[in-house]
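So the chains spell out like this:
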Amino acid sequence: MASLADASFPARDGGTEFTSTRLTTALLALFATLLGFTLLKHGTDFIAVERPELVFVWVGVVGSLAALFLPASYRPLPRFASRGLRAGAVFLALYMAVEPFAIPYAAMPADHPAVLFHSHARWFGVALALAGLWRPSLVFAAAMLLWMIRELQTGLTGFYFSTLDIRNIAEVLAFWAIGYALLSAADRIGTLRKAVGLDADALKLAALMLFAAGVGAHLANYFWSGLAKLAMDGGITSWLFDNRLYDGIPAALEKGTLPLAAFPWAVEWLDATLRFLFLPMNLFAFGVQIFALVAPLRRRWLIASIVLFDLFHLAVWFTLGLLFWKWIALNMILLVALAAISDDEWTRPARYTALAFVIVGMATFRTASLAWYDTPGFASPHFEAEMEDGTRMKVPNAYFLSSSYQVSQGRIWWPGGRGHFNPSIWGSVLHHDDLVAGRECRVPARAQPAAEEWGPLENVGRFVQAHHRQITSRLNDKGQFNYYLVPHHHVPSPILPDPFYETDKRRIVRYWFVIDSVCLSLQDGGLDRRVIGHTERPVYDVKADRIIA
């Protein structure tokens with residue numbers, strides 16, 4: 001076996017130079033990893049979307065690959081690789097331990113293979129992730145399991161379920177695990193090791209380039225999100241100079257996610273601060289995201305940019321309640337690995353590999369391009385519960401447990417017609433005309449009534465029916481359960497009173513789906529709502545256990 005105890009990197013700007021053989025070996029490892037990853041990516045997405053009934057065939061393939069590479073250990077790998085992948089294993093174990101994946105199986109029967117898989121896979125994932133501290137191939141299995149669990153959720157619920165919060169983490173960890181397992185396995189086979197020239201330095205270079213590719217693929221999410229802001233239809237500078245961050249404060253109050261919502265004086269302070277600073281904050285956020293392109297050229301630039309990304313995520317949570325905590329976790333994993341690499345060891349092959357994947361990584365990895373306008377006027381959907389006494393209560397998004405992200409985004413049903421703002425996602429809009437309409441508090445003029453979107457209402461009723469049946473087993477003797485013990489992406493406002501939480505859920509007789517087109521503003525630190533369009537539909541009769549279409 002090749003030992004790395006005394007292996008050293010070639011110097012960054014001098015000293016020992018990489019031989020063409022070592023670089024060729026590293027590139028071969030990168031190509032092989034990309035090939036395997038791409039095949040698994042397309043296979044996983046195909047099964048999740050097109051053939052979920054074959055999910056256990058997929059399990060067999062992933063399990064066989066993990067078992068095949070089980071002899072490949074961490075021992076031959078450089079310290080940064082083993083540290084990073086093991087940190088990823090810890091994240092996977094913790095995430096799957098605290099995330100119940102509690103969604104309503106509204107679109108598939110209880111005996112469907114995808115339902116059986118989704119309802120039992122979580123704890124297998126925890127076990128695989130913990131075992132991944134011992135073997136890289138088990139981190140691969142855990143990451144792929146998480147990937148499939150989340151991708152199945154659109155088909156299982158019948159409504160679009162974003163994987164934006166987790167997909168890039170699962171992809172990067174799976175990619176690293178595939179590459180590191182291949183390297184460790186090749187190191188065990190003497191004839192193969194000699195045939196490809198895999199000495200200690202070549203293995204270390206290959207591992208470094210694999211790590212850099214994962215770094216670049218993650219940074220691409222920031223870079224392309226920055227470029228997307230320039231491509232907004234209001235003009236190249238419209239997001240920079242015309243997107244008012246403070247308009248997101250009443251929207252966060254409407255959605256129930258603003259962290260400071262319980263303190264009106266703090267909300268007023270936040271509003272005044274963002275009104276004063278929104279332009280430099282826009283420019284700073286854009287600059288940090290665009291800097292992702294060049295950050296890999298220096299290790300210290302890379303570390304600084306990753307820290308700034310996490311501060312950026314925390315600022316978004318503080319002002320809007322959107323917590324990309326899983327992206328923060330991946331950034332921390334990158335820092336753990338980078339701490340084991342010196343400036344001199346972050347060589348040109350690593351720098352240029354990372355830079356290349358920032359630019360073209362989207363060819364193999366899913367890359368986010370996040371850009372929207374904050375507007376004070378939008379179509380705001382929510383559920384209401386009708387009680388035995390005829391009163392109705394707004395249902396917080398958190399009530400829907402792991403589907404809270406899905407419900408909060410609002411891609412459930414939009415009635416069409418002429419009386420509402422155009423549909424949006426979480427109250428953010430993608431078109432400048434909708435931004436202006438929201439600011440002017442006027443419904444966009446339409447030559448013809450707009451068609452319905454998402455839904456239909458029968459599916460909404462089926463979604464709520466499945467969820468209500470699910471939560472009945474969670475109720476205590478007071479008819480309550482704690483729906484806040486879920487790592488929500490759209491984090492509910494802390495401390496803020498929740499009257500619905502105290503309600504006996506056994507007293508619910510009917511669920512309603514409501515859409516208000518609202519114009520929002522602040523009044524003494526609280527929310528002032530002006531409703532200019534209203535649509536409501538009953539969707540599920542609890543007592544009769546009947547979907548209302």
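Residue numbering note: each chain is counted from 1, following its sequence as written. Only residues with pLDDT of at least 70 are given local features in this predicted model, and only at 80 or more are side-chain atom pairs given and counted; all residues enter the totals for whole chains, interfaces and linings. Processing note: side-chain calculations cover all non-hydrogen atoms of the structure and skip hydrogens and water entirely.

### Overview of the overall build of the chain
A helix here means a DSSP run of H or I that spans at least four residues, while a strand means a run of E at least two residues long, and both kinds are numbered starting from the N terminus. The secondary structure content of the chain amounts to 19 helices and 9 strands. Radius of gyration (C-alpha) of the chain: 25 Å, near the 24 Å computed for a compact globule of 549 residues. For this analysis, residues touch if any pair of their heavy atoms sits within 4.5 Å. Partitioning the intrachain contacts of the chain with sequence separation of at least 6 by distance along the chain shows that 81% fall at a separation of at least 24. Carbon and sulfur atoms provide 62% of the accessible area of the chain, an area that totals close to 21,800 Å². Based on C-alpha atoms, the radius of gyration is set beside the globule rule, defined as 2.2 Å times the residue count to the power 0.38. Areas reported as accessible are Shrake-Rupley estimates using a 1.4 Å probe. Residue values count occlusion only from the protein chains shown.

### With respect to the state of the cysteines
The definition used for a disulfide is geometric: two cysteine sulfur atoms within 2.5 Å. Per the counting criterion, the structure on display carries 1 disulfide. Here Cys 441 connects covalently by a disulfide to Cys 519, the sulfurs 1.9 Å from one another. Here Cys 441 and Cys 519 share a disulfide; its torsion about the S-S bond, 100°, makes the bridge right-handed. Of this pair, Cys 441 sits in the loop between helix H17 (432-440) and strand E6 (453-454) while Cys 519 sits in strand E7 (residues 508-523), placing them 78 residues apart in sequence. By relative accessible area, which is 15% here, Cys 441 ends up buried. Whether a residue is buried, partly exposed or exposed follows from its accessible area with a 1.4 Å probe, protein chains only, as a fraction of its type maximum: under 20%, in between, or over 50%, in that order. Residue class for Cys 519 comes out buried when judged on its relative accessible area of 10%.

### A short note on the nonpolar core
Leu 92, Trp 176, Tyr 180, Phe 211 and Trp 346 are the most contacted members of the largest nonpolar core, which has 102 residues in total. Here the element with the most residues in this core is helix H9 (residues 200-230); it accounts for 16 residues. The contacts of Leu 92, once residues within four sequence positions are left out, are Ala 129, Val 139, Ala 142, Ala 143, Leu 146 and Leu 173. By size, the runner-up hydrophobic cluster in this structure holds 38 residues, among which are Phe 159, Ile 412, Trp 413 and Val 464. We define a nonpolar core as any set of buried Ala, Val, Leu, Ile, Met, Phe, Trp, Tyr and Cys residues linked to one another through side-chain atoms lying within 4.5 Å.

### Description of the sheet that holds strand E8 (residues 526-541)
Two strands pair if DSSP finds at least two bridges between them. Taken in spatial order, the 5 strands make up an open sheet running E3-E2-E7-E8-E9, and their pairing is antiparallel. For this open sheet the edge positions go to strand E3 (392-395) and strand E9 (546-547), each flanked by a neighbour on one side alone. As paired strands, strand E2 (residues 377-387) and E7 are joined by 11 bridges and run antiparallel to one another. Across the sheet, the residue bridging to Ser 380 is Asp 516, located in E7.

### Side note on the pattern of salt bridges
One side-chain nitrogen of Lys or Arg within 4 Å of one carboxyl oxygen of Asp or Glu is enough to make a salt bridge. Per the stated rule, a full pass over the model turns up 29 salt bridges. Note that Glu 171 and Arg 167 form a salt bridge whose closest N and O atoms lie 2.7 Å from each other. Residue Glu 171 and its partner Arg 167 are located together in helix H7 (residues 167-188), separated by 4 residues, close to a single helical turn. Of the residues examined, Arg 167 reaches a relative accessible area of 3% and is grouped as buried. Its salt-bridge partner being Asp 343, residue Arg 300 comes within 2.7 Å of it at the nearest N-O pair. On the criterion of sequence distance, the pair formed by Arg 300 in helix H13 (residues 299-320) and Asp 343 in the loop between helix H14 (325-338) and helix H15 (348-360) is long-range, its members being 43 residues apart. Taking relative accessible area as the criterion, Arg 300 reaches 60% and is therefore assigned exposed. We classify Asp 343 as buried; its relative accessible area is 19%. The structure contains a network of salt bridges with shared partners spanning Asp 45, Glu 151, Arg 167, Glu 171 and Arg 366.

### Some thoughts on the confidence of the model for the chain
The pLDDT value tells you how sure the predictor is about a given residue, anywhere from 0 up to 100. Within the chain, residue pLDDT values average 94, and 97% of them lie at 70 or more. pLDDT under 50 marks residues 1-17. Its contacts with residues more than four places away, or in other chains, come to 34 contacts.

### So, helix H11 (residues 248-255)
Note: α-helices contain 3.6 residues per turn, so residues at a spacing of three or four share the same orientation. H11 sits mainly inside the fold: 8 of its 8 residues count as buried. Buried within H11 we find Gly 248, Ile 249, Pro 250, Ala 251, Ala 252, Leu 253, Glu 254 and Lys 255. Of the residues trailing H11, Gly 256 is marked for its positive phi of about 80°.

### Focus: the side chain of Lys 255
Position of Lys 255 relative to the elements: it lies in helix H11. One buried charged residue, Lys 255, forms no salt bridge at all, with the nearest opposite charge on Glu 254 at 6.9 Å. Definition of a polar contact: a pair of N or O atoms within 3.5 Å, with one able to donate and the other able to accept a hydrogen when the atoms are protein atoms, and with sequence-neighbouring residues admitted only if both atoms are side-chain atoms. For Lys 255, the side chain forms a polar contact with the main-chain oxygen of Ser 408, separated by 3.0 Å. For Lys 255, the contacting residues outside a window of four places in its chain are Pro 381, Asn 397, Ser 408 and Trp 426. The charge count treats Lys and Arg as positive and Asp and Glu as negative. His and the chain ends do not count.

### Considerations on the pairing of E2
The buried count for E2 comes to 11 of 11 residues, which makes it a mostly enclosed element. Bridging between E2 and E3 involves 4 bridges; their strand directions are antiparallel. Residue pairing for E3: Phe 383 is matched across the bridge by Val 395. The hairpin turn running from E2 into E3, its antiparallel successor, is 4 residues long, and Gly 390 in that turn takes a positive phi close to 90°.

### Remarks on the side chain of Asn 282
Mapped onto the fold, Asn 282 is located in helix H12 (residues 264-291). Polar contacts involving the side chain of Asn 282 include one to the main-chain carbonyl oxygen of Trp 239, which spans 3.3 Å. If we skip the residues at most four places from it in the chain, Asn 282 touches Trp 239, Leu 240, Asn 243 and Leu 245.

### Focus on unusual backbone geometry
That bond from Gly 455 to Pro 456 is cis: its omega, 0°, falls within 30 degrees of zero. Its identity as a non-glycine residue notwithstanding, Cys 441 has a phi of 55°, on the positive side. For Asp 545, which is not a glycine, the phi torsion comes out positive at approximately 50°. Position of Asp 545 among the secondary structure elements: in the loop between E8 and E9. Under the relative-accessibility criterion, Asp 545 is labelled partly exposed at 34%.

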